[in-house]
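Geometric and topological summary
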Amino acid sequence: MNNYRELSRKKLTQRGVSIEDIALLVFDLQKKYCPTLHLDDCITAVDEVLEKREVAFTILTGIELDVAAENNSLNEINEVIKKDYSLYGIDEILALSIVNVHGSIALTNFGYLDKTKPGIVGILEKAGKEGAACHTFLDDIVCAIVSSAASKIAHDYENKKALLE
Ligand code: MG
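Owing to the predicted nature of the structure, the values given are computational and were not obtained by experimental measurement.

**Some details on the overall build of the protein**
- Broken down by element type, the protein carries 9 helices and 0 strands.
- Structurally, the protein occupies a C-alpha span of about 60 × 35 × 25 Å along its principal axes.
- Across the 165 residues that make up the protein, the buried fraction comes to 40%.
- Pairs at least 24 apart in sequence give 74% of the contacts found in the protein among residues at least 6 apart.

Here it is, written out as structure tokens:
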């Protein structure tokens, strides 16, 4: 099973998303709540999210669907996915399988990132809109990983504070 995790990381890189891209968004989300936060903490949190089996499977499934749409091999639904039709919504639903195992902070951040599309999320969306690639599933998956890592950091930070009190 471990090779699915490795493979999901490799696929993210191949599709233009680095762990650092993801961690930078986590840092931007959490820095005002956790003043001692470092980028390294965010990289660790992202690594922990990527260790979950359901996260690896979601990444692999979403990227596979994006690539299949690029190759025009999805029959009737191909254009809907390739053009990122706004009322499709299954891309968000798939990404929620990551968010759902990381609690309510992950859920609220996911909605925020989906609306604001910062950093690498915006870059992926732009490339998709310009027709350079299909990132219909990948942009939501990145939002889900970022928001889940942010939730982890928020909970860990509270736990550390509680130990010092
Ligand atoms: Mg999408």
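**Quick notes on the side chain of R5**
- Assignment of secondary structure puts R5 in helix α1 (residues 2–14).
- In this structure, R5 is in contact with L50, E51, K52, R53 and A56, ignoring residues within four places of it in sequence.

**Structural notes on the coordination of the magnesium ion**
- Surrounding the magnesium ion are the protein donor atoms D91 (OD), T136 (O), D139 (OD) and D140 (OD), which sit 2.1 to 2.6 Å from the metal.
- For the magnesium ion, the donor residues sit on a single chain with the sequence spacing D-x44-T-x2-D-D. Residue D91 is found in helix α6 (residues 90–99), and its partner T136 is found in the loop between α8 (119–129) and α9 (138–164); the two are separated by 45 residues along the sequence.
- A relative accessible area of 3% places D91 in the buried class.
- Judged by its relative accessible area of 2%, T136 falls in the buried class.

Cut-offs applied
- Starting afresh in each chain, residues are numbered from 1 along the sequence in its written order.
- Reporting in this predicted model follows two pLDDT cut-offs: at least 70 for local features of residues, and 80 or more for side-chain atom pairs to be given and counted; totals over whole chains, interfaces and linings ignore these cut-offs and use all residues.
- The basis for the side-chain values is all heavy atoms of the structure; hydrogens and waters are excluded.
- The numbering of helices and of strands both runs from the N terminus, where a helix is a DSSP run of H or I of at least 4 residues and a strand a run of E of at least 2.
- Three labels apply to residues, based on accessible area from a 1.4 Å probe with only protein chains included: buried if under 20% of the type maximum, exposed if over 50%, partly exposed otherwise in between.
- Pairs of residues are marked as contacts when any of their non-hydrogen atoms sit within 4.5 Å.
- For Na, K and Ca the donor cut-off is 3.2 Å; for every other metal, N, O and S atoms count as donors within 2.8 Å. Water does not enter the count, which can leave sites looking incomplete.

So, to be careful, I would describe these as geometric facts and stop short of saying anything about function.
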